[in-house]
Amino acid sequence: MDNMEVDDSAKEQETAFSLDILSLINEARNTYGLRHQDYNRYRQYCMKKIYRLRVSLNFTHSKGRFTNFKEITVDILNDIRYLHIALFDAERAWSYAMELKRESLSTGDTRKKHHLINRLKKADKLSTQLEKLCSREAGKAYSALMSGYLLFEKQSFQAALDKFAAARTIYEKLSSAGTPHQETLCQSAIDDIDPNIRYCAYKLRIGTDSVSDVEDLVKTTIKKNKGVGLDLLEAEVESVLAQNRQVKAASITSISWRGHIIPLKNADLAICILKTREASTKLEEALNTNAEEATKMEMFDSLLEAYGDAERFAKNALKEDASEQISADLNYVYNYVSYNYLCRRIQRNLMLVDSLKKQLEAQKSSDDVGFISGKYQDIVKLYDNVLQSLNEISELSEVQNNLPLSQEVEAKIWFFKAWRTLYVASAYAILNKELEAILLYERANEYNLQAKTSLSNLTPDKEDILIISKENVDNLESLLRSHKVKAHAALNFYHSGDDSDITEKMNELGIDEEKSKARNKKDEMPLIEHLNQYPLNLSINNVNLINFPPEFTAIPAKPLFFDIASNYINYPSNLSQRAGHKQGILGFFGGFWGSRRNNSF
């Protein structure tokens, strides 16, 4: 950050000092307690630091009945340690105020409120003195920040907003003009100031007047690495958020589920349901925007916690109310909350299953059998949790009394049983136990057919959290067929007696569903043209065995020559003429009597 020099122009001093305020207080705060929000430890450190500095400068106060307090002025400013005393004196007063604020929030003692305001007044006064000793912008920003804290506690939100905005503006300018380290310190200071600015803006009704602004403040304050003072701001933000929830919950007079509308007369239970709806909205936004997996898991945990609180509250309210009609309404609300809670838990487990599937796809070509088998076992355990949650849903009274809903839950149980059995079979297949895998694939197909039969006469509720469509069942059926074919092929290779690489042969067959989809041309070919590959999407009613009528193809044949010049050629009439020899009478008789000699030998 930009260094601050001593304002010595008024006294015409020639000596100037540099004081990096942000670097000093950032190192001291993180080292001595504020990393863990321990304000008492940091206050003790500041006190001892000031005493050591005063002793080293021989600037201690006199002891006795009449104490002479020595103040730092420009006249005595000949050492940078005097500026350190002024800085850590303000830090000590500020940390003591934050300590009192925490005690006031935890115990509810309002007398500490007056005490902490006095401490902040002292911190404001000392920071103003430091600003006078320093002419650079960092001193002004620090002084404005301390004034903002004081005005914030006095609930003078407009004046506090002006001070916080002034400090933030100075830090923004300094971050753009300093070194990378100084820029980091300034940005950290800005992050600490922003929640206070937004809280003041909310209290002044600047901008939108909705509860989302306060929710954004909560998101800022619940970060893992909290800024200085944000832990104390969080309690005030949560208080405002609770008040807004009470106002909004008053408008929730009934809930609608599965075509039934039930009145909701319990205000506390309405607040719990409102929390679940707010958490559900945030989760759906995270799922639709493809947020990071850690963010989604955090949203799921918050939602499940809200549903858990609502479920416990509804259960306790059901035990306390003795009226028959009220008990019936509360029982319906309890079933509504429990059903959604278990469905969200299933949804979370299925997201973990998808994550494990991606890891398996990344390691698909790996030879690490132990790793792949372990992932299959983890997936099976998650499906066990899914089935356990579905069994708990089937035991709910409203589910048992609603025949379509109970049939839908039963279909989901069959469907996820098929998925679980699929991965049990895959675990056997990776261990070269193809016979067991084939039997398990058949069992999984039976479960899937049961789910298909149960869903055939049902119309799923579009507002349900967990929907299993007929398309999902058909896709699982195709996947089971491909895995079964793969197991059969691997079994044949093992019993063929060939010691060559079986994995390479399996890849050559092209029986994986993903590879089959990638080959669009192969799907259009008749079966006779790719007999070495298993047809994954083969159905009995529509089998493309051969193209009819067959297409014309080129075949080998004897070439034909057409002699079109034969009519224009005069051929010899006898053999001698054809041989090109001229023969007379003597030659004829000599040949007849044998007088012609053959000199060939």
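- The name an unreviewed UniProt entry assigns to the chain is Signal recognition particle subunit SRP68, from the organism Diversispora eburnea.
- Checking UniProt for the chain, the heading Sequence similarities (unreviewed entry) contains the comment "Belongs to the SRP68 family."
- Listed under Function (unreviewed entry) in UniProt, the entry text for the chain is "Component of the signal recognition particle (SRP) complex, a ribonucleoprotein complex that mediates the cotranslational targeting of secretory and membrane proteins to the endoplasmic reticulum (ER). The SRP complex interacts with the signal sequence in nascent secretory and membrane proteins and directs them to the membrane of the ER."

## Brief notes about the overall build of the chain
Part 1: Of regular secondary structure, the chain possesses 22 helices and four strands.
Part 2: Buried residues in the chain amount to 40% of all 601 residues.
Part 3: Here the analysis covers contacts within the chain between residues at least 6 apart in sequence; of these, 64% occur between residues at least 24 apart.
Part 4: Accessible surface, the chain as shown: approximately 36000 Å² in total, 50% of it carbon and sulfur.

## Topic: the pairing of strand S4 (residues 260–263)
Part 1: As paired elements, strand S3 (residues 254–257) and S4 share four bridges and run antiparallel to each other. The residue bridging serine 256 from the neighbouring strand is isoleucine 261, located in S4.
Part 2: In textbook terms, the turn of a hairpin is the stretch between consecutive antiparallel strands, and for S3 and S4 this stretch comprises two residues, one of which, arginine 258, has a positive phi near 55°.

## A few points about the pattern of salt bridges
Part 1: On inspection of all chains with the given rule, the structure shows 23 salt bridges.
Part 2: Notably, a salt bridge pairs arginine 345 with glutamate 392, separated by 3.2 Å at the nearest N-O pair. Of this pair, arginine 345 sits in helix H12 (residues 324–362) while glutamate 392 is found in helix H13 (residues 369–394), placing the two residues 47 residues apart along the sequence.
Part 3: Judged by its relative accessible area of 30%, glutamate 392 is partly exposed.
Part 4: The structure contains a network of salt bridges with shared partners spanning Arg258, Glu408, Lys412 and Asp464.

## Examining the side chain of serine 104
Part 1: Mapped onto the elements, serine 104 comes out in helix H3 (residues 81–107).
Part 2: Those residues in contact with serine 104, other than ones at most four positions away along the chain, are Asp109 and Lys112.

## Observations regarding the side chain of glutamate 91
Part 1: Looking at the element boundaries, glutamate 91 is found in helix H3.
Part 2: In this structure glutamate 91 comes out as buried when scored by relative accessible area, which is 0%.
Part 3: Side-chain polar atoms of glutamate 91 contact the side chain of tyrosine 142, separated by 2.6 Å.
Part 4: Filtering out sequence-adjacent residues up to four positions away, glutamate 91 remains in contact with Ile25, Arg29, Tyr42, Cys46, Tyr142 and Met146.

Criteria and thresholds
Residues numbered from 1 in each chain as written. Predicted model: local features only at pLDDT ≥ 70, side-chain atom pairs only at ≥ 80, totals over all residues. Heavy atoms only, no water. UniProt positions renumbered as here; feature names shortened; annotations may be inferred. Helix = DSSP H or I, 4+ residues; strand = E, 2+ residues; numbered from the N terminus. Buried < 20%, exposed > 50% of the residue type's maximum accessible area, 1.4 Å probe, protein only. Contact = heavy atoms within 4.5 Å. Areas by Shrake-Rupley, 256 points an atom, 1.4 Å probe, with all protein chains shown as cover. Pairing = 2+ DSSP bridges. Salt bridge = Lys/Arg side-chain N within 4 Å of Asp/Glu carboxyl O. Polar contact = N/O pair within 3.5 Å; in protein donor to acceptor, adjacent residues only side chain to side chain.

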